[in-house]
Amino acid sequence: MKVSNKVIIVTGAGGGIGRELVRQLLEKGTKVASIIHKNGLEEIKSLATVYGDSRHTWLM
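Below or above, wherever it landed, is the structure these notes cover. (Residues numbered from 1 in each chain as written. Predicted model: local features only at pLDDT ≥ 70, side-chain atom pairs only at ≥ 80, totals over all residues. Heavy atoms only, no water.)

**Describing the overall build of the protein**
Here is step 1: Counting its regular elements, the protein contains two helices and three strands.
Here is step 2: Each helix and strand of the protein, ordered N terminal to C terminal, gives the series β-α-β-α-β.
Here is step 3: Relative to its 60 residues, the protein shows a buried fraction of 32%.
Here is step 4: Here the protein displays about 3,900 Å² of accessible surface, and carbon together with sulfur accounts for 55% of that area. (Helix = DSSP H or I, 4+ residues; strand = E, 2+ residues; numbered from the N terminus. Buried < 20%, exposed > 50% of the residue type's maximum accessible area, 1.4 Å probe, protein only. Areas by Shrake-Rupley, 256 points an atom, 1.4 Å probe, with all protein chains shown as cover.)

**Some remarks on the nonpolar core**
Here is step 1: Val-3, Val-10, Ala-13, Val-22, Leu-25, Leu-26, Val-32, Ile-36 and Ile-44 together form the largest nonpolar core, which totals nine residues.
Here is step 2: For this core, the leading source of residues is helix α1 (residues 16-27), giving three residues. (Core = buried A, V, L, I, M, F, W, Y, C linked by side-chain atoms within 4.5 Å.)

**Describing the pairing of strand β1 (residues 7-11)**
Here is step 1: Summarising the sheet, β1 and strand β2 (residues 31-35) pair through five bridges and their orientation is parallel. Considered in β2, the bridge of Val-10 is made with Ser-34.
Here is step 2: Following the chain from β1 across α1 to the adjacent parallel β2, one finds a crossover that is right-handed. (Pairing = 2+ DSSP bridges. Right-handed = clockwise from strand over helix to strand, strands pointing away.)

**Looking at the pattern of salt bridges**
Side chains that carry opposite charge are capable of pairing whenever their charged atoms lie near each other.
Here is step 1: For the structure on display, the rule yields two salt bridges.
Here is step 2: Close ionic contact of Arg-23 with Glu-20 constitutes a salt bridge, the shortest N to O distance being 2.6 Å. You can see Arg-23 and its partner Glu-20 sitting in helix α1, three residues apart, about one turn around the helix.
Here is step 3: According to the relative accessible area criterion, Glu-20 is partly exposed, its value standing at 33%.
Here is step 4: Counted as one network, the salt bridges with shared partners bring together Glu-20, Arg-23 and Glu-27. (Salt bridge = Lys/Arg side-chain N within 4 Å of Asp/Glu carboxyl O.)

**Thoughts on α1**
Here is step 1: Given a rise of 1.5 Å per residue, 12 residues ought to cover 16 Å, and the 17 Å separating the end C-alpha atoms of α1 matches this to within 8%.
Here is step 2: Gly-18, Val-22, Leu-25 and Leu-26 are the residues of α1 that are buried. On an axial view of α1, the arc spanned by its buried residues comes to 95 degrees, and they lie on one face.
Here is step 3: At the exit of α1 stands Gly-29, carrying a positive phi of roughly 90 degrees. (Expected span 1.5 Å × (residues − 1). Arc of directions from axis to C-beta.)

Right, here's the structure in full:
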């Protein structure tokens with residue numbers, strides 16, 4: 001999947017498959033907008049920091 005220069009919206013990014021998808025997309029340099037329940041927010045924030053905060057937007 002070619003994901004460079006794209007913004008991908010991921011729902012359910014606070015856990016399970018959604019969280020793993022966010023991790024893999026950030027690793028590939030994709031900009032990600034995540035829709036997360038507030039319970040999973042802190043974990044995803046720390047994950048995004050590893051790959052560069054500028055590539056990730058949080059929506060609750």
